[in-house]
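Chain by chain, the residues:
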Amino acid sequence: MDEIKDLACAMVIFGGTGDLTHRKLIPALYNLNHDNKLSDDFAIVSVGRRDKTDEEYRNELLESVRKYSRFKPDNEKWKEFRQKIYYRKLDFSQDSGYTALKAFLSSIDEKHMTKGNRIFYMAVAPEYFEGIVTSIKKYGMATNIGSWQRLVIEKPFGRDLDTARYLNKTITDVFDEKDTYRIDHYLGKEMIQNIMVIRFANSMFENIWNSKYIDNIQISSSETVGVENRGGYYEKSGALRDMMQNHMLQLLSLIAMEPPVNLDTEAIRDEKVKVLRTLEIMSPEIVEQNIVRGQYGPGTVNGKALPGYRQEEKVAGNSVTETFIALKLHVKNFRWGNMPFYLRTGKRMPEKTTEIVIQFNSLPDILYFKNNGGLEPNLLVIRIQPKEGVYFQFNGKKPGTGTEVESVKMDFCQNCETISNSPEAYERLLYDVLRGDSTLFTRWDEIETSWRFIDNIAKAWESKVLDLHEYGPATWGPEEADMLLKRDNRKWWNL
Ligand SMILES: NC(=O)c1ccc[n+]([C@@H]2O[C@H](COP(=O)([O-])OP(=O)(O)OC[C@H]3O[C@@H](n4cnc5c(N)ncnc54)[C@H](OP(=O)(O)O)[C@@H]3O)[C@@H](O)[C@H]2O)c1
């Protein structure tokens, strides 16, 4: 209980009327409150530019909690929670609002005993990050004298290395690195935290976690939806910047890292960043050979006609933005040698799923066969979302009098029993911000190193535009993505 008491603070949400706040942040905070993980001395001050009373705002949030929260609002709990919520109108571009916000936060300190401690959450479009952070400083809202102030910043963190550096410089003028929480919500997912446990708490895996025993590792993240109403944003980012730079490289670094010396935040981040530093440099030749770009075209799925990317709102009719990317890369260190990692991510695919497949080396086909073919390889599959769990595919004897072999699965589904009630990523992450634990957030050098890797690819594309292959809706991307593996006598595991 004492730990919770220490979490006294006011959380200021810039973008308090936006989609992220309604769908993720408020439901997560409601659930934390439900689980008694918020201090009694806690308040939420949401900022948006529209006129609204506190009452109106709270009623809108109640609807969102009903819709999106894992605990549905219970009268008593909601009554207690709503009293912690306030709404302030403020236009980011106008100075007057910040003076009023500062005064309001002081009144919240008195009313809710929040002690001057603050979490500033940037739930806004990236073009506002800099202006808001600068104003927080200008109006003396991040002094760190006798209290603490933390910044939570959503992705995208820049659109290349230069813009990321510039943004980081603006932030470090106001907040220390230890008080800057660059959120990648994938890292809050249960199974992501489980990757390290699977690797470093099981001798049967860790001892063979290297290129001598593993044939290849595949990391896939797919969505069934298209860009929906985010065409404007997506045109400037594409799959490379929207997914590869952050989520996919973060998954890769957890899968490929060396064991940290302990579980301290910096020890873990040190090992993750080493992986990013070891990635092979993507020269234009390697980019051309080892990367496939795709864009979804129009088509019909289950009798429903779906637009192609170029027909989406706010997307140019001749757009060359990729909605799919598949790549082969190497982690150039002793553990991984020349073993390939294959990464792919895309929109409008057959399934929404994020998973990692570790394919172990095959044994010689001398003693046993499957039907008339070779043995299936052993696979360890780590499912991140929406299903969470691990399964292991191995070979066993087919029952009967023969010696035929069949592949069988040992399936551990982490969320099968508690399907709707495992804590959401944002719950875990917000709780960590409150406790001041930044292990699951991205450190600046991780961002810097991953942008360096991504920039090389983007530059190669600028100098020689790579073919953009169209793929149909509900497919696993263009054929060329399959060819990327076929060429190496491998295949994607669409499990
Ligand atoms: N939505 C998600 O699931 C999601 C997931 C991951 C990351 N993100 C990131 O989170 C951030 C927010 O996304 P979102 O989807 O929540 O955006 P959104 O729905 O468009 O919300 C934007 C918010 O910013 C406010 N705003 C815009 N201009 C303003 C101004 N000049 N002054 C004051 N307030 C202003 C809006 O207030 P009004 O409503 O009053 O106009 C609204 O509250 C983005 O960086 C996005 O990339 C979102």
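Note that the structure is predicted; figures quoted are calculated from it, not measured.

A. Helix α10 (residues 231-256), seen in detail. Largest kink in α10: about 95°, centred on glycine 238. Judged by how many residues are buried, α10 sits mostly within the fold: 22 of 26 residues are covered.

B. Structural context of a nonpolar patch on the surface. A surface patch of nonpolar side chains, about 370 Å² in accessible area, is lined by Ile366, Leu367 and Tyr368. Examined against the element boundaries, isoleucine 366 turns out to sit in the loop between β13 (353-360) and β14 (379-385). The class of isoleucine 366 is exposed, set by a relative accessible area of 62%.

C. The arrangement of the environment of alanine 267 in detail. Inspection of the secondary structure puts alanine 267 in helix α11 (residues 265-278). Taking the relative accessible area as the measure of exposure, alanine 267 reaches 12% and is therefore buried. Each C-alpha atom, one on alanine 267 and one on threonine 439, is 9.3 Å from the other, the two residues being 172 residues apart in sequence. Leave out the neighbours within four places in its chain, and alanine 267 touches Pro260, Val261 and Asn262.

D. Region of the structure containing unusual backbone geometry. Following lysine 155, the chain continues into proline 156 via a peptide bond in cis, with omega recorded as 5°. Relative to the elements of secondary structure, proline 156 occurs in the loop between β5 (149-153) and α7 (161-172). Going from glutamine 385 to proline 386, the amide bond is cis rather than trans, its omega being -5°. On the secondary structure map, proline 386 appears in the loop between β14 and β15 (389-397). In this structure, glutamate 228 is a non-glycine residue whose phi angle is positive, near 50°. In this structure, glutamate 228 sits in the loop between β7 (214-222) and α10. We classify glutamate 228 as partly exposed; its relative accessible area is 46%.

E. Broad picture of the sheet that holds β7. Here 9 strands make up an open sheet; going across it, the order is β16-β15-β14-β13-β7-β12-β11-β8-β17 and the pairing mixed. The sheet terminates laterally at β16 (405-413) and β17 (468-471), the two strands that pair on one side only. Averaged over all neighbouring strand pairs, the angle between strand axes comes to 20°, with direction disregarded. Of the strands in this sheet, β13, β14 and β15 are in contact with helix α8 (residues 190-200), which crosses β14 at around 150°.

F. Structural view of the nonpolar core. Core analysis: the largest hydrophobic core is formed by 142 residues, its most contacted members being Phe14 and Phe341. Of the residues forming this core, the biggest block, 12 residues, is contributed by α10. The two domains that each donate at least three residues to this core are domain 1 (2-154) and domain 2 (187-486). Among all residues touching phenylalanine 341, those that are not within four sequence positions of it are Ile217, Leu252, Ile255, Ala256, Leu327, Lys328, Leu329, Val331 and Trp336.

G. How the structure looks around the packing of aromatic side chains. This model, assessed by the stated rule, comprises 19 aromatic pairs. When the centroid spacing of 5.8 Å and the interplanar angle of 55° are considered together, the rings of tryptophan 78 and phenylalanine 81 count as tilted. Linking tryptophan 78 with phenylalanine 81, this pair stays in helix α4 (residues 75-82), spanning 3 residues, or about one helical turn. For the pair tryptophan 78 and phenylalanine 81, one class covers both residues: buried.

Analysis parameters
Residues numbered from 1 in each chain as written. Predicted model: local features only at pLDDT ≥ 70, side-chain atom pairs only at ≥ 80, totals over all residues. Heavy atoms only, no water. Bend = angle between axes of the 7 residues up to and from the residue. Helix = DSSP H or I, 4+ residues; strand = E, 2+ residues; numbered from the N terminus. Buried < 20%, exposed > 50% of the residue type's maximum accessible area, 1.4 Å probe, protein only. Patch = residues over 30% accessible without salt bridge, like charges linked within 9 Å, V, L, I, M, F, W, Y side chains within 5 Å. Areas by Shrake-Rupley, 256 points an atom, 1.4 Å probe, with all protein chains shown as cover. Salt bridge = Lys/Arg side-chain N within 4 Å of Asp/Glu carboxyl O. Contact = heavy atoms within 4.5 Å. Pairing = 2+ DSSP bridges. Axes fitted to C-alpha atoms, helices over the stretch in contact; angles between N-to-C directions. Core = buried A, V, L, I, M, F, W, Y, C linked by side-chain atoms within 4.5 Å. Domains from an automatic or database assignment. Phe/Tyr/Trp six-rings, centres within 6.5 Å; stacked < 30°, edge-to-face > 60°.

In short, shape yes, function no, at least from these values alone.
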